[in-house]
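Coordinate analysis (summary)
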Amino acid sequence: MRVIVVLGHVLDPRGIAVNRRAGRVFINRREYILQPADRCALEAALRIKDEMPAEVVVLPRSPLPDDDVLRQALATGADRAVYLAGDGLAAADDAAMARLLAAAVERLGGADLILTGATTLDTGQGQLGLRLAEALGWPHVADAWALKTSDDRLEVVRQEGAGYAVLEAALPVMVTVAPGALEPRYPDGARLINIYRGQGEVAAALETWDAADLVDADALQPLLERRGQEFPPERERGVRASGGLEEMARSAADALRRQVRV
Amino acid sequence: MDFHFSSEHVALRRMIREFAENEVEPLAAEIDREGRVPFETLKKLGQIGLMGVCFPQEYGGMGAGEMGYCILMEELGRVCTSTATNVGAHIGIGAMSIYLDGTEEQKRKYLTPLARGEKVGAFVLTEADAGSDAAAIRTRAVREGDSWIIDGTKTFNTNGSFAEIVTVLAVTDPTLGARGGITAFIVESDMPGFQVGTHENKMGIRGSSTAELIFEEVRVPQENVLGKVGEGFVSFMKTLDMGRLTLGAACLGGAQAALEWSVRWARTRCQFGAELAHKQEVQWMIANMATEVEALRSLVYRVAWMVDTAQPFTQLAAMCKMYGSEVASRAIDTALQIHGGLGFTRDFPIERAFRDARIAEIFEGTNEVQRIVIASNIFREHGVRIRP
């Protein structure tokens, strides 16, 4: 069984300070972490590998400045990683990446299951999984909380309304994993040191492909145009209720009626 | 000159910080209150390779060098001094003594399970009448055929109550003293005659165990002599040099935490209509604290680099330990002052840090001993051999 995990990076939010009054985001430490939902997708893949013979291959979800997140994934237990580089790649959006990744999946010789995060922490994008499924002509399940695989089928638990639904799909299938769905494991120390030093077996597991060898330049043209960025409107402050229990409940109910029109 | 951490050490710190904040910090208050060793944490540390962070991979280690080990101790010291103490006693002196002076076979047999975190180590030196004067030990080892018989009582042994592999210092020739008369041995806790005595009820680092160990005619085979017969004292001092550096790294973590708490508090706590951050007296406290923390950080990682590049570092390791413990104590004391009455309560981690920090000025050689080491190194360069 081959499981492909598509993952990306995000600036560590702890190294960022937001100053609304100055209208600026200050980057104190430029450190990147794995996208949390992608990390859950990787964990889901590794749990499949814990259960049955499987090869876990990782690919980048967006143009990456370096292969750091791929190394992290290899240190955590992925078997193989492909870094995608190339001149035309820098501006690629999810639409362009989906075309590129579909070609990369072909080049890898296909897969039984592709996993990625359902959303990203920074831009809140959730399109990549859908678009990749579309490009491959595969079925797609969004927002998985748990996965169970057998040889040719997949069972997915996803949140629906106030409860959970269990869906079944035939392989191959594309699944996006909800952020926080699974508790991700830690990397293995020695593997981590080896992959960063480029020594040992694991070092050979990381390769670089040129995007130009996979798709032509047109395919990398983005659909999105970035025109600028601004802060979302300030959130309104809530109302603090005071007094006795009954009084507080009444004022809460009044506020709900007035503002939300319950 | 290059002051960057390598990419592997950046990645290692990211992994360790996440582990420290998710697995170690949530237990810190509880293990202090209950006075229990967090065995579950030690096991998890072993599973991801951190119990052998600095040792070569051929002996089950991670291979991250002394630099990686200092990163581990800084990050553990930042969230839980007790856990840092357990890990430091295991890696930094217990396993380290075997790594530095063990034979190939001893490393395979003893260092490997220690580095993998399958067994816990301890380093057994202090006695009731031999603290700072470490050469005054009375524990005896007498040769009998192919073995040695060890007799004596050791005090203040971190991890002693549960360690499975301990390195012990004993007198093998009373006529020779420290030079030639003292030998180091590797002892397994299931060897007959090995007993755990009383446990210390301590002011701080209550999530670590400090116990008395009694050796009652413990028979140790000749192949368990660590290093050469008669050279145990020098061997143990060499191990302590490493321990002093990494204790300095743990103190760096403690001081860093105190700084972070202080900044967070100063930007939220309002008095006289403004946050403490706008009060000059608090600004000066924080500026002083931050400067000392940065000076210590530079010292610690420079010495780690010296160890990894095989340069002499004894004098600087003593500085790491002495300066580190004093910077941590000062930073935590200042943090308490900034937090006021709330800092004195058990609702904040500062009172625990305050109790925990004090021991760092005492163990691994008191700060007075460190000053002797530093001064004697300085005078030796000028042809003066200072007398004890």
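About the thresholds
- Throughout this description, residue numbers start from 1 for each chain and increase along the sequence as written.
- Both sets of labels track the order of writing: A upward for chains, 1 upward for ligands.
- Where totals are concerned, whole chains, interfaces and linings use all residues; where local detail is concerned, this predicted model gives features only for residues with pLDDT of at least 70, and gives and counts side-chain atom pairs only at 80 or more.
- Labels follow the DSSP assignment, with helices taken as runs of H or I lasting at least four residues and strands as runs of E lasting at least two, numbered in each case from the N terminus.
- The burial label depends on the number of other C-beta atoms within 10 Å of a residue's C-beta. Counts of 20 or more mean buried, 12 or fewer mean exposed, and intermediate counts mean partly exposed, with C-beta atoms placed from the backbone.
- The size measure is the radius of gyration over C-alpha atoms, and the globule rule it meets is 2.2 Å times the number of residues to the 0.38 power.
- Strand pairing follows a simple DSSP-based rule, namely that at least 2 bridges must link the two strands.
- Note on geometry: axes are C-alpha line fits, over the in-contact stretch for helices, and angles between N-to-C directions span 0 to 180 degrees.
- Domain ranges listed in this record stem from an automatic or a database domain assignment.
- In this description, a residue-residue contact is defined by the distance between C-beta atoms placed from the backbone, which must lie within 7 Å.
- Each residue is assigned to one class: nonpolar for Ala, Val, Leu, Ile, Met, Phe, Trp, Tyr, Cys and Pro, charged for Asp, Glu, Lys and Arg, and polar for all the others, Gly among them.
- In this description, a nonpolar core means buried residues of the types Ala, Val, Leu, Ile, Met, Phe, Trp, Tyr and Cys, linked to one another by C-beta atoms lying within 7 Å.
- Here a helix's expected span is defined as the number of its residues, less one, multiplied by 1.5 Å.
- Note on convention: near helix rotated counterclockwise from far helix by under a right angle means a left-handed crossing. Clockwise means right-handed.

1. Examining the overall build of chain A
Across its full length, chain A carries 7 helices and 13 strands. If one aligns the C-alpha atoms of chain A with their principal axes, the spans along those axes are about 65 × 45 × 40 Å. Looking at chain A as a whole, 39% of its 262 residues qualify as buried.

2. A few points about the overall build of chain B
Each helix and strand counted, chain B has 10 helices and 10 strands in total. A compact globule built from 388 residues should have a C-alpha radius of gyration of about 21 Å, and chain B, at 21 Å, falls within 12% of that. For the C-alpha atoms alone, the extent of chain B along its principal axes is close to 80 × 50 × 40 Å. Across the 388 residues that make up chain B, the buried fraction comes to 53%.

3. A short note on the sheet that holds strand 13 (residues 206-210) of chain A
Residues and elements named next belong to chain A. Pairing within the open sheet is mixed, and its 9 strands lie in the order 11-10-9-12-8-1-6-7-13. If you trace the sheet from one side to the other, it starts and ends with strand 11 (163-170) and strand 13, each paired once. Neighbouring strand axes in the sheet, compared pairwise and without regard to direction, differ in orientation by 35° on average. The sheet contact formed by strand 1 (residues 2-7) and strand 8 (residues 113-117) spans 4 bridges and is parallel.

4. Digging into the domain arrangement of chain B
Residue and element names in this part refer to chain B. If you check the domain split of chain B, you get domain 1 (7-120), domain 2 (122-230) and domain 3 (234-381). Between domain 2 and domain 3, the C-alpha centre-to-centre distance is 30 Å. With 10 residues of domain 2 at the interface, the matching set in domain 3 holds 9 residues. For the side of domain 2 that touches domain 3, the class distribution of residues is 7 nonpolar, 3 polar and no charged.

5. Points about the domain arrangement of chain A
Annotation of chain A at the domain level lists domain 1 (2-220) and domain 2 (237-262). Taking only C-alpha atoms into account, the centre of domain 1 of chain A sits 44 Å from that of domain 2 of chain A.

6. Observations concerning the nonpolar core
Of all hydrophobic cores here, the largest spans 189 residues; its most connected members are Val5 of chain A together with Phe185 and Val300 of chain B. With 16 residues, helix 6 (residues 232-268) of chain B is the largest single contributor of residues to this core. When sequence neighbours within four positions are dropped, the list of residues in contact with Val5 of chain A reads Ala41, Leu42, Ala45, Val56, Val58, Ala78, Leu115 and Thr116 of chain A.

7. Here we look at helix 3 (residues 94-108) of chain A
Residue and element names in this part refer to chain A. Over its 15 residues, helix 3 runs 20 Å from end to end, which matches the ideal 21 Å to within 8%, given 1.5 Å per residue. Along helix 3, the residues classified as buried are Asp94, Ala96, Met97, Ala98, Arg99, Leu100, Leu101, Ala102, Ala104 and Val105. Considering only its buried residues, helix 3 is in contact with strand 1, strand 6 (55-60), strand 7 (80-85), helix 4 (128-136) and strand 13. In the segment just after helix 3, Gly109 is the residue with positive phi, at about 90°.

8. Here we look at the interface of chain B and chain A
At the junction of the two partners, chain B supplies 14 residues and chain A supplies 11 residues. Of the residues assigned to the side of chain B that touches chain A, the class counts are 9 nonpolar, 4 polar and 1 charged.

9. Overview of the pairing of strand 8 of chain A
All names here are of chain A. Most of strand 8 is tucked away: 5 of the 5 residues are buried. Inspection of the sheet shows strand 8 paired to strand 12 (residues 173-177) by 5 bridges, in the parallel sense. Counted as the bridge partner of Leu115 is Val175 from strand 12.

10. A few points about unusual backbone geometry
In the segment running from Leu171 of chain A into Pro172 of chain A, the intervening peptide bond is cis, with an omega of 0°. If you trace the backbone, Pro172 of chain A turns up in the loop between strand 11 and strand 12. One non-glycine residue, Asp143 of chain A, lies in the positive phi region at around 60°. As for its position among the elements, Asp143 of chain A is in strand 9 (residues 140-149). Classification of Asp143 of chain A as buried rests on a count of 20 C-beta atoms within 10 Å. One non-glycine residue with positive phi stands out, namely Glu217 of chain B, at about 50°. Residue classification places Glu217 of chain B among the exposed residues on the basis of 11 C-beta atoms within 10 Å.

11. Things to note about the packing of helix 8 (residues 314-339) of chain B against helix 10 (residues 367-381) of chain B
All names here are of chain B. At a minimum axis distance of 9 Å, the contact between helix 8 and helix 10 shows a crossing angle of 145°. As for the relative orientation of helix 8 and helix 10, their crossing is left-handed in sense. Every residue of helix 10 that contacts helix 8 at Thr314, Gln315, Ala318, Met319, Lys321, Met322, Ser325 and Glu326 is listed here: Asn367, Gln370, Arg371, Val373, Ile374 and Asn377. In terms of residue class, the contact of helix 8 with helix 10 is made up of 5 nonpolar, 6 polar and 3 charged.

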